[in-house]
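# Architecture and fold: a report
Residues per chain are reported as follows:
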Amino acid sequence: MKIFAEELRQFIYCPRIPFLRHNFGTRTSTYSMKKGETYHQVKTKRKYQLKDCQTHYQHYVESITLDIAAVPDLILVYDDHVIVIEHKRFLLGKPHFSVISQAIVGGLCAEEQFGLPLKEVRIVGFNGITYKIIVSSQLRDEVVSAIRELRNSLVENTPPNPIKNKKKCHACEYQNICWTI
Ligand code: SF4
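Residues numbered from 1 in each chain as written. Predicted model: local features only at pLDDT ≥ 70, side-chain atom pairs only at ≥ 80, totals over all residues.

### Quick look at helix α5 (residues 97-114)
What counts, and what does not: Helix numbering and strand numbering both begin at the N terminus, where a helix is a DSSP run of H or I of at least 4 residues and a strand a DSSP run of E of at least 2. What a helix is expected to span follows from its residue count: subtract one and scale by 1.5 Å. Three exposure classes are used, all based on how many other C-beta atoms lie within 10 Å of a residue's own C-beta (placed from the backbone): buried at 20 or more, exposed at 12 or fewer, and partly exposed between those limits.
When the terminal C-alpha atoms of α5 are compared, their 25 Å separation across 18 residues agrees well with the 26 Å that a helix rising 1.5 Å per residue should span. Among the 18 residues in α5, 13 count as buried, and that is most of the element. A positive backbone phi angle near 65 degrees is found at G115, which sits one or two residues after α5.

### Brief notes about the site of the ligand
Put simply, the rule reads: Using the backbone to place each C-beta atom, any residue with that atom within 6 Å of a molecule or strand is considered near it. We call Asp, Glu, Lys and Arg charged. Ala, Val, Leu, Ile, Met, Phe, Trp, Tyr, Cys and Pro are nonpolar, and the rest, Gly among them, are polar.
By nearness alone, every residue bordering the ligand is listed as C14, R16, I17, L20, P162, I163, K168, C169, C172, Y174, Q175 and C178. For the shell around the ligand, the secondary structure elements donating two or more residues are α2 (16-24) and α7 (175-178). Split into classes, the residues belonging to the shell around the ligand amount to 9 nonpolar, 1 polar and 2 charged.

### Considering the sheet that holds strand β1 (residues 3-4)
Our working definition: Pairing between two strands requires that DSSP report at least two bridges joining them.
In space, the 3 strands of this open sheet follow the order β1-β4-β3, with mixed pairing throughout. Of all the strands in the sheet, just β1 and β3 (61-63) have a single pairing partner and so form its edges. Here 3 bridges tie β3 to strand β4 (residues 68-70), and the two strands are oriented antiparallel to one another. Note that in β4 the partner of V61 across the bridge is A70.

### Notes on the nonpolar core
This is how the line gets drawn: As used here, a nonpolar core is made of buried Ala, Val, Leu, Ile, Met, Phe, Trp, Tyr and Cys residues. They are joined through C-beta atoms within 7 Å.
Membership of the largest hydrophobic core comes to 38 residues, with the highest contact counts inside it found for L8, A70 and V105. The biggest single contributor to this core is α5, with 8 residues.

### Notes on unusual backbone geometry
The phi angle at Q58 is positive, at roughly 50 degrees, despite the residue not being glycine. Of note, the phi angle at N157 is positive, near 55 degrees, even though the residue is not glycine. Counting through the fold element by element, N157 comes out in the loop between α6 (137-156) and α7.

### Concerning α2
Heads up, the condition is: What counts as a contact is two residues whose backbone-derived C-beta atoms lie within 7 Å of each other.
Listed as buried for α2 are R16, I17, P18, F19, L20 and R21. Looking at the buried positions of α2, the neighbouring elements they touch are α1 (5-13), α6 and α7.

### A look at the pairing of strand β5 (residues 74-77)
Summarising the sheet, strand β2 (residues 54-57) and β5 pair through 4 bridges and their orientation is antiparallel. Paired with Y57 across the two strands is L74, which belongs to β5. Sheet analysis places β5 next to strand β6 (residues 82-88), joined by 4 bridges and oriented antiparallel. In the strand pairing of β6, I75 is matched with V84.

### Quick notes on the sheet that holds β5
Which entries qualify depends on this criterion: Only the contacting stretch of a helix is used when fitting its axis, a line to C-alpha atoms as for every element, and angles between N-to-C directions run 0 to 180 degrees.
The strand order β2-β5-β6-β7-β8 describes an open sheet built from 5 strands, whose pairing is mixed. The sheet is open, and its two borders are formed by β2 and β8 (130-134), each paired with just one other strand. The mean inter-strand angle of the sheet, taken between neighbouring strand axes irrespective of direction, is 20 degrees. Across 5 bridges, the pairing between strand β7 (residues 118-125) and β8 is antiparallel.

### As for the packing of α1 against α5
Our working definition: Any angle between 65 and 115 degrees counts as roughly perpendicular, while under 35 counts as roughly parallel, over 145 as roughly antiparallel, and the rest as oblique. Working rule for handedness: look at the near helix, and if it is turned counterclockwise from the far one by less than a right angle, call the crossing left-handed; if clockwise, right-handed.
The contact between α1 and α5 brings their axes to 8 Å, and the two run at 160 degrees. In terms of orientation, α1 and α5 fall into the roughly antiparallel class. Crossing handedness for the pair α1 and α5: right-handed. Note on element contacts: α5 touches α1 through F97, S98, V99, S101, Q102, V105 and G106, opposite A5, E6, L8, R9, I12 and Y13. Taken together, the residues of the contact of α1 with α5 break down into 7 nonpolar, 4 polar and 2 charged.

Shown next, in the form of structure tokens:
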């Protein structure tokens, strides 16, 4: 079962969301749409003043090895490594592990697709603040482990318990369904 980067972000935010999405929503439309629309925006490259790299905006990538897929906001491909950039509108302070994991899933896919190692991911707030995260082997293992947990959860298809921090529920689009099961 293929796991999508955004799905992993949601799973880490609340393990119940992918279950609800899988059973009551559309799981893959965003990705299949993006896959069909994959494009490169060379013009935008100037805006970021990026040099010595190829830029791939909203480019569908997947890892056959890990059976994961992603559409990162931006992939930078250098001669000897790749970097993935994700933009987060509501970033307040250091990004949460869920957001970092989403970017790393994109990076692992890009790594396999371009045949170059993933060195870092960057999370950029809309105020321009950028967090650079070096992808250590430990961090990589944590993300792969979270992917495994999510896949097991979807295969079992039993609803995980609701989270205790109800503040998170206010921003959840599945709350109406969640509270009925
Ligand atoms: S409403 Fe709360 S418990 Fe239910 S899926 Fe959303 S975040 Fe999780």
